[in-house]
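Inside the fold
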Amino acid sequence: MSKRYLFTSESVTEGHPDKICDQISDTILDELLTQDPHSRVAAEVVVNTGLVLITGEISSQATVNYAQLVRRKIQEIGYIDPTNNGFSADSCAVMVTLDEQSRDIAQGVDQAQETRAASSDEAFDAIGAGDQGIMFGFACNETPELMPLPISLAHRIARQLATVRKTGQLPYLRPDGKTQVTVAYEEGKPVGIDTILVSTQHTATIGLITDEAAVQEKIKADLWDQVVLPVFGDLTIKPDVTTRFLVNPTGKFVIGGPQGDSGLTGRKIIVDTYGGYSRHGGGAFSGKDPTKVDRSAAYACRHVAKNIVVAGLADKCEVQLSYAIGVARPVSIYVETFGTGKISEDRLLELVKANFELRPAGIIAAFDLQRLPQQRGGRFYQDVAAYGHFGRSDLDLPWEATDKAEILARSADQLFAVPS
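Okay, so let's go over this structure.

About the criteria used
Residues numbered from 1 in each chain as written. Predicted model: local features only at pLDDT ≥ 70, side-chain atom pairs only at ≥ 80, totals over all residues. Heavy atoms only, no water. Helix = DSSP H or I, 4+ residues; strand = E, 2+ residues; numbered from the N terminus. Rg over C-alpha atoms; globule rule 2.2 N^0.38 Å. Buried < 20%, exposed > 50% of the residue type's maximum accessible area, 1.4 Å probe, protein only. Areas by Shrake-Rupley, 256 points an atom, 1.4 Å probe, with all protein chains shown as cover. Lys, Arg positive; Asp, Glu negative; His and termini not counted. Charge placed at Lys NZ, Arg CZ, Asp CG, Glu CD. Core = buried A, V, L, I, M, F, W, Y, C linked by side-chain atoms within 4.5 Å. Contact = heavy atoms within 4.5 Å. Axes fitted to C-alpha atoms, helices over the stretch in contact; angles between N-to-C directions. Parallel < 35°, antiparallel > 145°, perpendicular 65-115°, else oblique. Nonpolar A, V, L, I, M, F, W, Y, C, P; charged D, E, K, R; others polar. Phe/Tyr/Trp six-rings, centres within 6.5 Å; stacked < 30°, edge-to-face > 60°. Expected span 1.5 Å × (residues − 1). Arc of directions from axis to C-beta. Pairing = 2+ DSSP bridges. Salt bridge = Lys/Arg side-chain N within 4 Å of Asp/Glu carboxyl O.

Focus: the overall build of the chain
- When helices and strands are counted, the chain shows 15 helices and 11 strands.
- Taking 22 Å as the expected radius of gyration for a compact globule of 420 residues, we find that the chain reaches 23 Å, a close match to that expectation.
- The 420 residues of the chain split such that 55% are buried.
- Total accessible area computed for the chain in this model is approximately 17800 Å², and 50% of it derives from carbon and sulfur atoms.
- A gap of 2 Å separates the mean positions of the 41 positive and 54 negative side-chain charges of the chain.

Here it is in structure tokens:
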């Protein structure tokens with residue numbers, strides 16, 4: 001790796017077609033788990049002009065009005081005007097084509113291979129992984145939320161776009177949008193903001209301004225003052241005179257949302273995680289109940305990595321888990337600190353194995369993943385379906401807790417102290 005380099009991450013707003021799908025999928029999950037915490041859910045959503053299609057596999061005792069859930073979420077996102085958006089909560093068609101979960105999959109999840117093969121007195125062996133796969137989690141000390149700076153900034157700007165739209169601060173904005181931030185690094189540490197890109201849907205005219213070029217000039221000035229600058233308040237690195245600021249590079253962005261592009265659940269997995277800064281196992285999160293390790297184990301990986309960094313055992317940490325379908329215990333656990341570790345990765349791995357429960361049932365129990373929607377008034381997963389699943393200081397997420405940091409630091413001192 002060169003001493004100086006640029007790294008870029010992107011985010012999207014809640015009105016982006018793919019994010020509409022993620023939020024609807026997780027709204028369905030919230031409702032099912034609220035009524036029946038043991039629901040098995042794999043809900044997929046497709047949107048296009050005037051259409052929402054719900055498909056997938058669901059096994060649950062819950063009774064759900066899917067069309068009502070869909071319309072409520074679309075309205076909350078901000079698609080309420082079919083004339084200008086070509087997609088509206090009240091006018092879109094909602095099609096539902098759902099099956100039950102495969103019994104072959106269910107039997108491996110309901111009773112793990114370890115329990116079937118031999119007796120076990122450990123309750124967490126009772127639930128196997130819902131599928132094979134690999135999951136990654138990451139943390140670093142670049143930001144207060146222990147996330148890489150590029151994705152943190154991209155999310156902050158995307159969320160601020162939604163805020164100024166919904167509060168009426170910039171009433172000409174529309175729900176669809178994308179952000180992208182390029183950060184300059186030296187010796188592996190962020191030193192400056194190279195480029196900020198914002199593409200945001202907007203009305204064709206702004207007040208009396210009708211000229212396209214003038215409209216874009218107005219948008220660019222407003223976004224800089226009311227969207228970009230406010231998100232840098234608690235950060236030492238800020239834009240300066242060398243920072244490029246690009247807005248709607250095509251010249252305008254009037255047609256957007258599902259009218260401009262179709263959307264699909266699970267198509268923004270890098271936006272959902274670490275912006276490409278860390279590796280990704282390939283599995284999406286939204287619409288999946290916690291027995292799906294694509295979701296729950298990725299949350300566990302973040303929890304492990306974050307606690308290692310908070311404990312002062314590394315400046316950067318990436319954790320990988322792998323699972324086999326129907327098997328409770330991870331097939332493998334891997335810890336990487338990119339040369340920033342204060343103790344060896346072998347010793348870190350020992351600490352992880354000793355202090356973290358990484359079987360699916362244990363993860364579910366530790367974070368209470370099946371009952372969180374019920375405990376929080378019927379909504380939990382839908383709130384992480386936009387603007388990232390990690391580093392969310394605006395949400396109380398159990399996998400963001402640093403409850404293991406003190407014991408990790410203490411254990412490292414006790415177990416690996418050099419004898420006198």
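Quick notes on the nonpolar core
- Among the nonpolar cores identified, the biggest contains 103 residues, and Val 52, Leu 223 and Ile 308 are the most heavily contacted of them.
- Considering every element that reaches this core, the biggest residue donor is helix α10 (residues 293-310), with 10 residues.
- Excluding anything up to four places from it in sequence, Leu 223 contacts Leu 161, Leu 170, Leu 173, Val 198, Thr 200, Val 228, Phe 245 and Val 247.

Brief notes about the packing of helix α6 (residues 149-166) against helix α7 (residues 212-228)
- Following both chains from N to C, one finds α6 and α7 inclined at 105°, their axes separated by 9 Å at the closest point. When the axes of α6 and α7 are compared, the pair comes out roughly perpendicular. Where α6 abuts α7, its residues Ile 157, Gln 160, Leu 161 and Val 164 lie against Leu 223, Gln 226 and Val 227.
- Tallied by class, residues from the contact of α6 with α7 come to five nonpolar, two polar and no charged.

Comments concerning the packing of aromatic side chains
- Across all of its chains, the model carries 16 aromatic pairs by this definition.
- Measuring from centroid to centroid gives 5.9 Å for Phe 138 and Tyr 274, while their planes differ by 70°, and the two rings are edge-to-face. Here Phe 138 is found in strand β5 (residues 133-140), whereas its partner Tyr 274 is found in the loop between α9 (269-272) and α10, with 136 residues between them in sequence. Across this residue pair, the class does not change: Phe 138 and Tyr 274 are buried.

Observations concerning helix α2 (residues 66-77)
- Between its first and last C-alpha, α2 extends 17 Å over 12 residues, near the 16 Å set by a 1.5 Å rise per residue.
- Listed in full, the buried residues belonging to α2 are Tyr 66, Leu 69, Val 70, Lys 73, Ile 74 and Ile 77. The buried residues of α2 occupy one face: seen down the axis, they fall within an arc of 125°.
- Where α2 is buried, its residues touch α1 (17-35), β3 (51-59), β4 (93-99), α6, β6 (173-186) and α14 (381-384).
- Backbone geometry just downstream of α2 places Gly 78 in the positive-phi region, at approximately 125°.

Some thoughts on the side chain of Lys 19
- Tracing the backbone through its elements, the reader meets Lys 19 in helix α1.
- Judged by its relative accessible area of 1%, Lys 19 falls in the buried class.
- Not counting the four nearest positions on each side in its chain, Lys 19 is found in contact with Val 12, Thr 13, Glu 14, Lys 268, Asp 272, Ala 385 and Ala 386.

A short note on the sheet that holds strand β1 (residues 4-12)
- As summarised here, the arrangement of the four strands in space is β1-β6-β7-β8, forming an open sheet in which the pairing is mixed. Strand pairing shows two members of the sheet lacking a second neighbour, β1 and β8 (244-247), which therefore form its edges. Neighbour-to-neighbour, the strand axes of the sheet open up by a mean angle of 15°, direction not taken into account.
- Contacting β1, β6 and β7 (189-202), α6 crosses the sheet at an angle of about 155° to β6.

Points about the pattern of salt bridges
- Scanning the entire structure with this criterion turns up 26 salt bridges.
- The shortest N-O distance in the salt bridge between Arg 302 and Glu 400 comes to 2.9 Å. You can see Arg 302 sitting in helix α10 and its partner Glu 400 sitting in the loop between α14 and α15 (405-415), a full 98 residues away along the chain.
- The class for Glu 400 is buried, based on a relative accessible area of 10%.
- The partner of Asp 394 in a salt bridge is Arg 392, with the nearest N and O atoms 2.9 Å apart.

Observations concerning the sheet that holds strand β9 (residues 263-264)
- Taken in spatial order, the four strands line up as β4-β3-β2-β9 in an open sheet, and their pairing is mixed. Among the strands making up the open sheet, the edge pair consists of β4 and β9.
- Relative to β9, strand β2 (residues 40-48) runs antiparallel, the two being bridged by two bridges. Opposite Val 47, over in β9, you have Gly 263 as the bridge partner.
- This element, α1, spans β2, β3 and β9 of the sheet and lies at about 150° to β2.

Structural measurements only, silent on function.
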